[in-house]
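Topology and contacts: notes
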Amino acid sequence: MSTTDINKVENEDDNKTLDKLQIEAEEKEMMLKVEHLADDDVELRNDEGPVKTALSGDITEQGREVKPKFIPIGAIKMPGFFTRNSDREKSKEEEAIEKDTDNEKNQDKTDDETKSKQRFQFLQTCPFTKFIKQAPKETDGDNTGQKKRLGIFNFMNPKMFQKRSAGAAEATLASMETLEDKIDTPNDGMENVKLDVADEQDGKVATRLPLKERIRQKKFIIDDLMVCGVTLLVLLAVIVGIVIGARSGPPLERPLRLGRFITTQTSCGLIEGILDDGVYNFFGIPYATPPVEEKRFTYAQPLNNISMCWNGTLEVHEPGPLCLQFLENGTIIGDEDCLTLDVVTPHVRYDSPLPVVVLIGANTLAGGISPAQPSAMYARTKEVVFVRPNFRLGSFGFLALDILSNSKYPPTSGNYGLSDLLVALKWIQNNIKHFGGDPDSVTLLGHRAGATLTAALTTVLNAHKLYSRVWLSSPSVIFPGKPLEQTQKSNEQFKQISKCNDVDCLRRISQLEILSATPDTWLGSDVSTLPTSDEFKRSWLVLDGQYLRTHAYERWDAQKEAKNIGNEKMFKPIVFGTTQHSGHTELLRMKHLNWTAEIVEKMVNESYLGEKNLTEDVFKIFNKSYSGLVELISSVRTLCPLVSLARMRLSAPLYVALGAGAGGGAMGSGLADIDSDIQAILGTFDSVMPEQRRFMAAIQQLFYYYVWNGKLPGDQHDLIAVGQDFLPHRGLPECDLLIQKDVVPRHAHVD
């Protein structure tokens, strides 16, 4: 200890001999040397810095207790020996020094107790953590209640962060008198020196201290607080960034090859699609085993065996062939190996899956290309995933014969195309997540014969697990009700034309022979003609006993009853719809260059309506023009039968696309044909006039809101008129007449 006073030295009697005084002086000199060595050792052990050094224990010699005192460098006014006789009274300065020394020893003990806590250097460095964990301490003497606390508003003044005691501003120094001098001498040549450090230098002094020393002395500077504050803010920002990034990070898009090709997986292997027009196209993805050779006229089988799959990556860049079918003009297109589907998606990712729209379209169940095709623009702008499956049509998809039924157990045949759709929907449930789609949000969009097939699919047992909601545009309401055996007998004509009497023959003959054996009366559609009393009606669908077991109406009644008792899962939402002029075709329009009132009236008189003497009644509602004629045909064949089904049996909403919207405007035809609603939904409608564009916007709002929310927007109405906006329909008096006269639904069109 280099500059400390030796206190509490008790003097001997004044009458000591000279020898004793000399011995005592030598002992004093030895004691001073020991003190210097002890100071160096303590300084190394405690590493307390240049400001303050403390002894680890008291020094006792010859019964005297010597307490160390801290004397700053340069504070000695005059040198001299220092000691104190035991019989002298303590001065006020000495009492203050002793009190400070006791406080310092107590502080040293506290530092020893908290030394283990200093291992966490980062937390101990932060003044906020230090002051939060610090328990309040009592101060000595006059310092009680005068400690200054660190406040969050005090950081602008560094000296306010330096904790001082009342006696810290004054250092009482004394030069020690000789052993014979009395400590209470009024003027002993020594004086107390006050070390007043300028306030403006407090920050500089604290800055020169090591960080550990500043923490121990609680003398923090503004830099310490700023560093801790910035560190805490950075840590908080990192934590918040990690949490936000984990929950709502950027879409995990799959990487592109050559900036155009993208690979994803299916249950049967990897496939590679192509980026085009801002969407990803996957064309011709196999979803079932090829229905050829031994699998002809059998129900679809999923690709559930690895031997049926492919090796490596299957490229699906180009559209595959359609299924074999007849077009309206008699042309044959397609291929028998056709059980594939197309997927058009705006994203290939697993986060934020999008609703799925399954497009099921056909003009008749014998064939005909439907406008229900995936739209790249609306997949991107409406944020949906389009899927269009191929399914077998005509004889390849629905032929029911006894020789086919007898080849399997239990005996059954027909409805192969319906089984194709069921397997396709199962594929969607298992794989659409790899294309950014949501398997729990699947909307079936059926159009014309595809809508009829979709309506029949809703009656299949357990099929409700494969979809979420249904939208049916211009379906037929005529469903099979005859037993399978009766249907097979009516199809004997096919056996006679094909000259096949066993199943092996049917599977051996060529595709063209199958198509040629199909009678002409099985083809075509009556959707654009007025009914006659002798018209031939034939349904491709049959009660096969495996998929369709009861009449559709009976099945819907059971589903409606289940809904009424609270079993919502059995009855999925259905929306029906058609157009005001669904009976219009260009072939019918071109039949007469000038449609006069006489021509229109003659056609009505020659129909079933004329036979029932209803001509006068219908012309009270419809005008004698071409538009009036096709509106009458539409009411008999499509609109009013749907009213009887949707409103009276299922209590489902029904929309009607009006000619004022689809054919509106000065250059518009004023007609809404059978395809106008689907074309408007999928963006292929030719909208020239502002009225037509408003019609597109209105029906798109209806459909895509239904896709995303499972219900129609606005107030729920049973009958909706879609013109330049969608509004509650004014009513359909023509349907009331036709239903009352038993024309509808008896003469509804058959697919």
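Residues numbered from 1 in each chain as written. Predicted model: local features only at pLDDT ≥ 70, side-chain atom pairs only at ≥ 80, totals over all residues. Heavy atoms only, no water.

**Brief notes about the overall build of the protein chain**
This is how it is decided: For helices the rule is a DSSP run of H or I covering at least 4 residues; for strands it is a run of E covering at least 2, with both sets numbered from the N terminus onward. The rule is simple: take the accessible area with a 1.4 Å probe, protein chains only, and divide by the maximum for that residue type; under 20% is buried, over 50% is exposed, in between is partly exposed. Working rule for contacts: check all heavy atoms of both residues, and any pair within 4.5 Å makes them a contact. Using a 1.4 Å probe, accessible areas were evaluated by the Shrake-Rupley method; residue-level cover was limited to the displayed protein chains.
Within the protein chain, the secondary structure is distributed over 26 helices and 18 strands. Relative to its 751 residues, the protein chain shows a buried fraction of 47%. Considering only residue pairs separated by 6 or more positions, the protein chain has 75% of its internal contacts joining residues 24 or more positions apart. As displayed, the protein chain has an accessible area near 38,000 Å², and 53% of this comes from carbon and sulfur atoms.

**Re the state of the cysteines**
Basically, it comes down to this: Cysteine sulfur atoms that pair up within 2.5 Å are treated as a disulfide.
Following the criterion strictly, the structure yields four disulfides and no others. What links to what in the protein chain: the bonded cysteines, counted in sequence order, pair as 1-2, 3-4, 5-6, 7-8.

**Examining the pattern of salt bridges**
Opposite charge on two side chains lets them pair, provided their charged atoms get close. Note the threshold: A carboxyl oxygen of Asp or Glu within 4 Å of a side-chain nitrogen of Lys or Arg is what we treat as a salt bridge.
Under the defined criterion, the tally for this structure stands at 14 salt bridges. Residue Glu336 is joined to Arg296 by a salt bridge in which the shortest nitrogen-to-oxygen separation is 2.7 Å. Taken together, the residues Glu336 in the loop between strand E9 (332-333) and strand E10 (340-345) and Arg296 in the loop between strand E6 (279-286) and strand E7 (313-315) connect sequence positions 40 residues apart. A relative accessible area of 4% means that Arg296 is categorised as buried. Measuring nitrogen to oxygen at the nearest pair gives 2.9 Å for the salt bridge that ties Arg637 to Glu535. One end of the pair, Arg637, is in helix H22 (residues 626-650); the other, Glu535, is in the loop between helix H16 (511-516) and helix H17 (552-564), and 102 residues separate them in sequence. Salt bridges linked by common partners bring Asp526, Glu535, Lys537 and Arg637 together as one network.

**Considerations on the packing of aromatic side chains**
Put simply, the test is: Two rings belonging to Phe, Tyr or Trp (six-membered ring only in the last case) form a pair when the distance between their centres is within 6.5 Å. Interplanar angles under 30 degrees mark stacking, angles over 60 mark edge-to-face geometry, and anything in between is tilted. A positively charged side chain is recorded as over a ring if its NZ (Lys) or CZ (Arg) lies within 6 Å of the ring centre. The angle to the ring normal must also be within 35 degrees.
This model, assessed by the stated rule, comprises 19 aromatic pairs. Each ring, one from Tyr299 and one from Tyr416, has its centre 5.5 Å from the other, and the planes form 50°; the classification is tilted. In this pair, Tyr299 is assigned in the loop between E6 and E7 and Tyr416 in helix H11 (residues 416-431), connecting sequence segments 117 residues apart. The burial state of Tyr299 is the same as that of Tyr416; both residues are buried. Within the aromatic cluster, the residues linked to one another by ring pairs are Tyr378, Trp471, Tyr655, Phe703, Tyr704 and Tyr706. The ring of Tyr299 has Lys408 lying over it, and the distance from NZ or CZ to the ring centre is 4.8 Å. The ring centre of Trp540 lies 4.4 Å from the NZ or CZ of Arg538, which sits over that ring.

**Details of the side chain of Arg555**
Put simply, the test is: As used throughout, the charge tally considers Lys and Arg to be positive and Asp and Glu to be negative, leaving His and the chain termini uncounted.
By the secondary structure assignment, Arg555 is in helix H17. With no salt bridge to any partner, buried Arg555 finds its closest opposite charge in Glu554, at an N-O distance of 9.4 Å. Not counting chain neighbours up to four residues away, the residues in contact with Arg555 comprise Thr459, Leu461, Thr550 and Met570.

**Quick notes on a negative patch on the surface**
Defined as follows: Surface patches are defined over residues having more than 30% relative accessible area and no salt bridge, joining like charges when they lie within 9 Å and nonpolar side chains (Val, Leu, Ile, Met, Phe, Trp, Tyr) when within 5 Å. A charged residue contributes its charge at one atom only: NZ of Lys, CZ of Arg, CG of Asp or CD of Glu.
On the surface, Glu293, Glu294, Asp502 and Asp504 cluster together into a patch of negative charge. Within the element layout of this structure, Glu293 appears in the loop between E6 and E7. You can call Glu293 exposed: its relative accessible area is 58%.

**Brief notes about the environment of Ala288**
Relative to the assigned elements, Ala288 resides in the loop between E6 and E7. The exposure class of Ala288 is buried, given its relative accessible area of 5%. Expressed as a C-alpha distance, the spacing of Ala288 and Val423, which sit 135 residues apart in the sequence, is 7.1 Å. When sequence neighbours within four positions are dropped, the list of residues in contact with Ala288 reads Ala300, Gln301, Pro302, Leu303, Leu339 and Val423.

**As for unusual backbone geometry**
Here Tyr409 and Pro410 are connected by a cis peptide whose omega angle stands at -5°. Along the polypeptide, Pro410 turns up in the loop between helix H10 (402-405) and H11. For the bond running from Val744 to Pro745, omega is 5°, close enough to zero to count as cis. By the secondary structure assignment, Pro745 is in the segment after helix H26 (733-740). Unlike most non-glycine residues, Leu258 shows phi in positive territory, near 60°. Of note, Leu258 is situated in the loop between strand E3 (256-257) and strand E4 (261-266). Notably, Ser474 is not glycine yet its phi reads approximately 55°, a positive angle.

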